[in-house]
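Survey of secondary and tertiary structure
Chain residues, written in single-letter form:
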Amino acid sequence: MSGLKRAVFVSDLHLGSNPTLDDFTRDREFEVLLELPALKPGAGDQVDLVLLGDSFDLWQSVSENECRQEKSNRIDLEYLADSEAQRLALVRAKHLRWFEALGRFGKRPGCRLVFITGNHDHSLINPAVQAQVTQYLGLDGSAGLLFANFYEDLTLSLYADHGNQYDHNNTYDDFARFDWKNDCPGYYFVKLFFNRIEYRDPRVDNSPSGWSAVWHWLRRIMNFKLLAAAIRYYWQYSTDDRVPQRIKPFAARGLAESGVEPSLLGQAAAPGLLVAGPAARSSESFFSADPEIEEFLRKAYEVSPEVRRAVNEILETQEQNEATRGIQRGVKREARPVRKPSARRRPEVPKPKGAPRGLAAERGIAGPPEDVGWAESLFSDKPYFRDRLDVRDFRYVLFGHTHGALDHRIPNGATYLNTGTWAAVDADLPVVVAECAPGDPPTAKLLRFEGGKLR
Ligand SMILES: [Mn+2]
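Predicted, not measured: the structure shown is a model, and the values here were computed from it.

Definitions and limits used
- Residues numbered from 1 in each chain as written.
- Predicted model: local features only at pLDDT ≥ 70, side-chain atom pairs only at ≥ 80, totals over all residues.
- Pairing = 2+ DSSP bridges.
- Helix = DSSP H or I, 4+ residues; strand = E, 2+ residues; numbered from the N terminus.
- Axes fitted to C-alpha atoms, helices over the stretch in contact; angles between N-to-C directions.
- Contact = placed C-beta atoms within 7 Å.
- Parallel < 35°, antiparallel > 145°, perpendicular 65-115°, else oblique.
- Nonpolar A, V, L, I, M, F, W, Y, C, P; charged D, E, K, R; others polar.
- Buried ≥ 20, exposed ≤ 12 C-beta atoms within 10 Å, placed from the backbone.
- Right-handed = clockwise from strand over helix to strand, strands pointing away.
- pLDDT = per-residue confidence, 0-100.
- Expected span 1.5 Å × (residues − 1).
- Bend = angle between axes of the 7 residues up to and from the residue.
- Domains from an automatic or database assignment.
- Core = buried A, V, L, I, M, F, W, Y, C linked by C-beta atoms within 7 Å.

**Describing the sheet that holds strand β6 (residues 158–161)**
Taking strand neighbours across the sheet as the criterion, the five strands line up as β5-β6-β7-β9-β8 in an open arrangement whose pairing is mixed. For this open sheet the edge positions go to β5 (150–153) and β8 (406–409), each flanked by a neighbour on one side alone. In this sheet, neighbouring strand axes are inclined to one another by 15° on average, regardless of whether the strands run parallel or antiparallel. Summarising the sheet, β8 and strand β9 (residues 415–418) pair through four bridges and their orientation is antiparallel. Bridged to Leu 406 within β9 is Asn 418. Sheet contacts for helix α14 (residues 370–377): β7 (396–399), β8 and β9; angle to β7, the most-contacted strand, approximately 135°.

This is the structure:
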């Protein structure tokens, strides 16, 4: 009886069902990983396989029809346990081998499969949804399967959760609540904006950092048809009454470092100033708080009739709403679509000035990524899911969520590891392995799964 304890972590697989939006293609590699000796405990050993959140991408497991909608108000945001279970059934149909491999692992003696809830698979908090996943894995009545919001193990001196609660764009006010009307800001953004863009250009990558990059991506590829659609969809998202809280695609930290006025904090690199209405705009920043995006959108407005039509649609609707408000004060305003927005140049849109002072380059020198700060604060503030961590008990802290695999020593001597993602085209399949043999100190390492081996 060796008594070894091991926990193997992977995160952000983002298994989906939509042929265009599903980013997970590593079913075969995943199956091979689960057959490694490290995942086959000897007698008296214990191995946990921890899926550290966003295992499923339920936000992107949507119909083709939903992706093709031209009006965001035609997109259904509602979900219940039944509809989420149905979504998972479609994910399973596309990734049968993955489910079978996990089911086999869960039945292996000494093995335990742990699903940690993320934001893209937040519905896993619901017991009926959990029961459905349990059935899909063939693990009914098995002690080898556990659903949890965080993972901690004193033998391994390790604390882990998905990490989304520390990211303001993906924070749930109440993580335990299963309610489409109170999902985190990212949910509405992905459903109403992001899915429709990625559907048209699958190279756009859905990750927390990818959000602010959408506009920079559009600037690089110069696809004005897609840009016009993005402006229109972003505006629809920004004005959709069903959205309780909106995302800030520009991280507050990045904006603070860029030297932009504090009043613009919370405004987006996206055409936030355009959609926020006349009061938020200035002759300097008509479209965006980001000078590069501002200059790009000004140029696009000059050269592309499609972009002019999309921008004019917003301006003309805002004008109409102002007028309506003036005449019928106190009457609920109605955002009626404007008749045929014109592609003619409107005089209030500022003309391009020529090369802007580039902020993007300056932003690159910002030091360690944001999630390092989240890990540090678990030792000083109260983390969302438990009491403050004590470094004597927890030498290792793990998050996923950002998609940026990382191994970082924090000033108090603890080690922060980010489990990265398996969903990106160029993902090098990060795996964190933590273990402790009786009498030895615990270790945790960020490895890569490569050529059938962990190294
Ligand atoms: Mn996430």
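After that view, the rundown keeps rolling.
**Re the packing of helix α6 (residues 185–200) against helix α8 (residues 224–238)**
Interhelical geometry of α6 versus α8 gives an angle of 170° and a closest axis separation of 9 Å. As judged from the angle between their axes, α6 and α8 are roughly antiparallel. Every residue of α8 that contacts α6 at Phe 189, Leu 192, Phe 193, Arg 196, Ile 197 and Arg 200 is listed here: Leu 226, Ala 229, Ala 230, Tyr 233, Tyr 234, Gln 236 and Tyr 237. Looking at side-chain class alone, the contact of α6 with α8 contains 10 nonpolar, one polar and two charged residues.

**Focus: the pairing of strand β2 (residues 46–52)**
Within β2, six of the seven residues are buried, which leaves it mostly tucked inside the rest of the structure. Two strands pair when backbone bridges link them, and strand β1 (residues 5–10) and β2 are joined in this way by six bridges, in the parallel orientation. Note on β2: the bridge partner recorded for Val 10 is Leu 51. As for the winding sense of the linkage, the β-α-β connection from β1 through helix α1 (residues 27–33) to β2 is right-handed. Across six bridges, the pairing between β2 and strand β3 (residues 111–116) is parallel.

**Topic: the confidence of the model for the chain**
Scored by pLDDT, the chain comes out at a mean of 90, with 90% of its residues at no less than 70. In the predicted structure, residues 358–365 sits below a pLDDT of 50 and forms 11 contacts with residues beyond four places in sequence or in another chain.

**As for the pairing of strand β4 (residues 145–148)**
By the bridge criterion, four bridges tie β3 to β4 in an arrangement that is parallel. By the bridge assignment, Phe 115 is partnered in β4 with Phe 147. Crossover β3 to β4 through helix α5 (residues 127–136) is right-handed.

**Observations concerning the environment of Leu 417**
Mapped onto the elements, Leu 417 comes out in strand β9. By the C-beta count within 10 Å, which is 24 here, Leu 417 ends up buried. On a C-alpha basis, the gap between Leu 417 and Pro 278 in space is 45 Å, while along the polypeptide they are 139 residues apart. With residues up to four places along the chain from it excluded, the contact list for Leu 417 reads Tyr 396, Leu 398, Leu 406, Asp 407, Val 432, Ala 444 and Leu 446.

**Quick look at α6**
In a regular helix each residue adds 1.5 Å, so 16 residues correspond to 22 Å; α6 covers 23 Å between its end C-alpha atoms and thus fits that length. At Phe 194, α6 shows its largest kink, close to 45°. α6 sits mainly inside the fold: 14 of its 16 residues count as buried.

**Comments concerning the domain arrangement of the chain**
Taken as a whole, the chain is organised into domain 1 (5–166 + 369–454) and domain 2 (184–363). A C-alpha centroid distance of 34 Å is found between domain 1 and domain 2. Taken together, the contact pairs 19 residues of domain 1 with 24 residues of domain 2. Its residues assigned to classes, the side of domain 1 that touches domain 2 shows seven nonpolar, nine polar and three charged.

**Observations concerning the nonpolar core**
In terms of nonpolar packing, the biggest core is built from 101 residues, with Phe 9, Val 50 and Leu 398 touching the most fellow members. The element contributing the most residues to this core is α8, with nine residues. Both domains that furnish three or more residues to this core are identified here as domain 1 (5–166 + 369–454) and domain 2 (184–363). Contact partners of Phe 9, with chain neighbours within four places excluded, come to Val 50, Leu 52, Ala 160, Leu 398, Thr 419, Val 431 and Val 432.

**Details of the environment of Tyr 416**
Inspection of the secondary structure assignment puts Tyr 416 in strand β9. Along the primary structure Tyr 416 and Leu 297 are separated by 119 residues, whereas in three dimensions their C-alpha atoms are 39 Å apart. Here Tyr 416 is in contact with Val 372, Ala 375, Val 397, His 408 and Ile 410, once residues within four sequence places are set aside.

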